[in-house]
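Here is how the chains run, residue by residue.
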Amino acid sequence: MIALFLSRPHRRPRLHKGRSLLAAAAIVALAGGAAGAEEVRQVLPGGQAPAQPAQLTREKAPDESEIQRFCSNIADAARDRRYALQAEELKQLQAGIDQRMKALEDKRAEYEQWLKRREVFLARAEDSVVKIYAGMKPDAAAERLAMVNAELAAAILMKLDARKAGVILNEMDQKAAATLTGIMASAARRVDPS
């Protein structure tokens, strides 16, 4: 085949220098087989010589006894690590439980404080004061209760007869009556308003 190619010089196409080297390498590869193709390398002028490919070495596969020894050597460390991870998870869960218990204790203390305020509120309106306001005319009682502390006025109204309290609230200013009604409604509840 090379002889045919070289015997016809008039039909040979003009090739550039780089292409002619490439064409020559292809011809050598075809003529020499696969072994010849590996040996032909193009080196540019002033360039470095190509590095030889590294020979791959196969490591010997570990036998089963080596694997068993490795596993038995790391078994204690793996178990310790697993226990450490479980202990850390338990600590995180305990911290979450402690936080929830603290929130529950805070809520309980808040509820106890609310109950104490309610008891103090109801105790303020003593029977003697209630009797005094019960004997007053509704318009005079409304005028006096408007000047008293709103919580005390609401406590007095709660201890009065419902009919008498209604008449006194009717005689009061609308804003004052609304404030006292709101306080009385929240104090009458048996559950925490918050």
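Definitions and limits used
- Residues numbered from 1 in each chain as written.
- Predicted model: local features only at pLDDT ≥ 70, side-chain atom pairs only at ≥ 80, totals over all residues.
- Heavy atoms only, no water.
- Helix = DSSP H or I, 4+ residues; strand = E, 2+ residues; numbered from the N terminus.
- Buried < 20%, exposed > 50% of the residue type's maximum accessible area, 1.4 Å probe, protein only.
- Contact = heavy atoms within 4.5 Å.
- Areas by Shrake-Rupley, 256 points an atom, 1.4 Å probe, with all protein chains shown as cover.
- Salt bridge = Lys/Arg side-chain N within 4 Å of Asp/Glu carboxyl O.
- Arc of directions from axis to C-beta.
- Lys, Arg positive; Asp, Glu negative; His and termini not counted.
- Polar contact = N/O pair within 3.5 Å; in protein donor to acceptor, adjacent residues only side chain to side chain.
- Phe/Tyr/Trp six-rings, centres within 6.5 Å; stacked < 30°, edge-to-face > 60°.
- Core = buried A, V, L, I, M, F, W, Y, C linked by side-chain atoms within 4.5 Å.

Asker: Hey, could you run me through the overall build of the protein in this one?
Answerer: Secondary structure summary: the protein contains eight helices and zero strands in total. Going residue by residue from the N terminus, the α and β elements of the protein occur as α-α-α-α-α-α-α-α. Across the 194 residues in the protein, those meeting the buried criterion constitute 13%. The contacts in the protein between residues at least 6 apart in sequence include a share of 69% that link residues at least 24 apart. Accessible surface, the protein as shown: approximately 16,200 Å² in total, 56% of it carbon and sulfur.

Asker: Just checking my understanding: could you explain the pattern of salt bridges for this structure?
Answerer: Note on pairing: side chains with opposite charge can pair once their charged atoms come close. Following the criterion strictly, the structure yields five salt bridges and no others. K102 is paired through a salt bridge with D106; the nearest N and O atoms lie 3.4 Å apart. On the criterion of helical spacing, the pair formed by K102 and D106 is a turn pair, its members being four residues apart in helix α3 (residues 64-124). The class of K102 is exposed, set by a relative accessible area of 54%. Overall, the relative accessible area of 42% leaves D106 in the partly exposed class. One salt bridge connects E112 with R108, and the closest N-O pair in it is separated by 2.5 Å. Remark: R108 and E112 occur in helix α3; sequence separation between them is four residues, near one turn of the helix. For E112, a relative accessible area of 37% corresponds to the partly exposed category. Overall, R108 belongs to the partly exposed group, its relative accessible area being 41%. Among the ionic contacts, a cluster of salt bridges with common partners joins E105, R108 and E112.

Asker: What exactly am I supposed to notice about helix α7 (residues 162-171) here?
Answerer: An α-helix turns once per 3.6 residues; consequently, residues spaced three or four apart project the same way. Residues of α7 that are buried include every one of K164, A165, I168 and L169, and no others. Projected down its long axis, α7 shows its buried positions confined to an angular sector of 135°, all on one face. Exposed residues lying more than 90 degrees from the buried face of α7 are A162, R163 and N170.

Asker: Can you walk me through the side chain of K164 in this structure?
Answerer: Relative to the helices and strands, K164 is located in helix α7. No salt bridge is formed by the buried K164; its nearest oppositely charged neighbour, D139, is found at 8.3 Å. In terms of polar contacts, K164 uses its side chain to reach the backbone carbonyl oxygen of M136, at 2.7 Å. Ignoring any residue separated from it by four or fewer positions in sequence, one finds K164 in contact with Y133, A134, M136 and P138.

Asker: For this particular structure, what's the right way to read the packing of aromatic side chains?
Answerer: Each aromatic ring pair is characterised by the separation of its centres together with the angle its planes make. This model, assessed by the stated rule, comprises one aromatic pair. Ring centres 6.0 Å apart and planes at 20° place the aromatic pair Y111 and W114 in the stacked group. Of the two residues, Y111 and W114 are both situated in helix α3; the distance of three residues between them amounts to about one turn of the helix. According to the relative accessible area criterion, W114 is buried, its value standing at 9%.

Asker: What am I meant to see in the environment of V167 here?
Answerer: With respect to the helices and strands, V167 occurs in helix α7. For V167, a relative accessible area of 35% translates into the label partly exposed. Considering only alpha carbons, one finds V167 and D139, 28 residues apart in sequence, at a separation of 8.4 Å.

Asker: Mind showing me how you'd approach the nonpolar core here?
Answerer: Side chains of a nonpolar character, in soluble globular proteins, are inclined to be buried together. Within the largest apolar cluster, 21 residues are counted, with the highest numbers of intra-cluster contacts made by L145, L157, L160, I168, L169, M172 and L180. If you list the elements that add at least two residues to this core, you get α4 (127-135), α5 (138-147), α6 (150-159), α7 and α8 (174-188). Excluding residues that lie within four positions of it along the chain, M172 makes contacts with A142, L145, A146, A177 and L180.

On their own, these measurements won't tell you what the molecule is for.
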